[in-house]
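Working through the structure, step by step
Now for the letters of each chain:
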Amino acid sequence: MKLLVVGAGEMGRWLADTIDADVAFTDADPAVAAAAAEPRSARAVPSDTQESFDVVGLAVPMSVVDEAIATYAPLAEAAVFDISGVMDRPLAAMADHAPDCERASFHPLFAPPRVPGNIAVVTATAGPTLDAIQEAMVEAGNTVFETTAAEHDAAMETIQAGAHTAVLAYALVAGDIREEFATPVSEQLESLAATVTEGSPEVYSEIQAAFDGADDIAVAAQEIAEADSDTFADLFVEAKRNVDADSRVSDE
């Protein structure tokens, strides 16, 4: 299987390490593609390549995935997929630019330092090539689960844009507090803040731009800040009810 990985950053490299294929990297920065290829016995190809591949996998930022699909999907002979993190727009672009290929959108719900993990997938057109790619992800220890583009993109408003907003807001106001004052809650928030801030601000900015969710967190925080005792109790009970509902869904 000849695989072109478009985008030679962290996720593109993870993809190349996960799929058993003859890998070629391309990137807007040729030096990045070369650096990704060299230790993997892969090769780098120019960003304007016209070479054909069995599969094209796009590991590019959400803000440019439509453009990248338009450029590189026509190079795919069997399948094209993306791991950009948004699903609705890439699937529409693949249908436009690779209508005869197997098509899917995967979203690894983790950064490569924390593999393996869960991977959401929407399969627009199934086939043996994408089956093999998904099987490789599972064999690497990941849990791949089917969803819809609408369900996925709505979920990202909460589990990414909203969650990141809440964690970063805490980090911004936490201040310099002695370690001895830590509580079980604050320790977990500190750990979450460390996880978020060790990542790339450009990646998190892309998420905030792609998905709503931050405003809802701000509104909820304002409601809590302005609540009297009775209203606070009502909000607390509502929060517990939401958490309990999420726990029941997870158990199912």
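Below is a short write-up of the structure. Here the structure is a predicted model, which means the values were calculated and not measured. (Residues numbered from 1 in each chain as written. Predicted model: local features only at pLDDT ≥ 70, side-chain atom pairs only at ≥ 80, totals over all residues. Heavy atoms only, no water.)

1. Points about the packing of helix α6 (residues 149–174) against helix α8 (residues 201–210)
Contact geometry of α6 with α8 gives a least axis separation of 9 Å together with a crossing angle of 120°. Here α6 is positioned oblique relative to α8, judged by the angle of their axes. Considering the relative orientation of α6 and α8, their crossing is left-handed. Of the residues in α8, those touching α6 at Q160, A161, H164 and T165 are Y204, I207 and Q208. Among the residues forming the contact of α6 with α8, the class breakdown is three nonpolar, four polar and no charged. (Axes fitted to C-alpha atoms, helices over the stretch in contact; angles between N-to-C directions. Helix = DSSP H or I, 4+ residues; strand = E, 2+ residues; numbered from the N terminus. Parallel < 35°, antiparallel > 145°, perpendicular 65-115°, else oblique. Left-handed = near helix turned anticlockwise from the far one by under 90°. Contact = heavy atoms within 4.5 Å. Nonpolar A, V, L, I, M, F, W, Y, C, P; charged D, E, K, R; others polar.)

2. Description of a nonpolar patch on the surface
Where nonpolar side chains cluster on the molecular surface, the patch consists of L109, F145 and I159 and spans about 240 Å² of accessible area. Along the chain, the position of F145 falls in strand β8 (residues 143–146). Residue classification places F145 among the partly exposed residues on the basis of a relative accessible area of 33%. (Patch = residues over 30% accessible without salt bridge, like charges linked within 9 Å, V, L, I, M, F, W, Y side chains within 5 Å. Areas by Shrake-Rupley, 256 points an atom, 1.4 Å probe, with all protein chains shown as cover. Salt bridge = Lys/Arg side-chain N within 4 Å of Asp/Glu carboxyl O. Buried < 20%, exposed > 50% of the residue type's maximum accessible area, 1.4 Å probe, protein only.)

3. Some thoughts on helix α5 (residues 128–139)
The terminal C-alpha atoms of α5, which comprises twelve residues, lie 16 Å apart, in line with the 16 Å expected from a rise of 1.5 Å per residue. Among the residues of α5, those classed as buried are T129, L130, I133, A136 and M137. The arc that holds the buried residues of α5, viewed along the axis, is 115°, so those residues lie on one side. Away from the buried face of α5 by more than 90 degrees, exposed residues P128 and E139 are located. Contact partners of the buried residues in α5: α1 (10–18), β4 (53–58), β5 (76–82), β6 (102–108), β7 (118–125) and β8. Looking one or two residues past α5, G141 carries a phi angle of roughly 100°, positive in sign. (Expected span 1.5 Å × (residues − 1). Arc of directions from axis to C-beta.)

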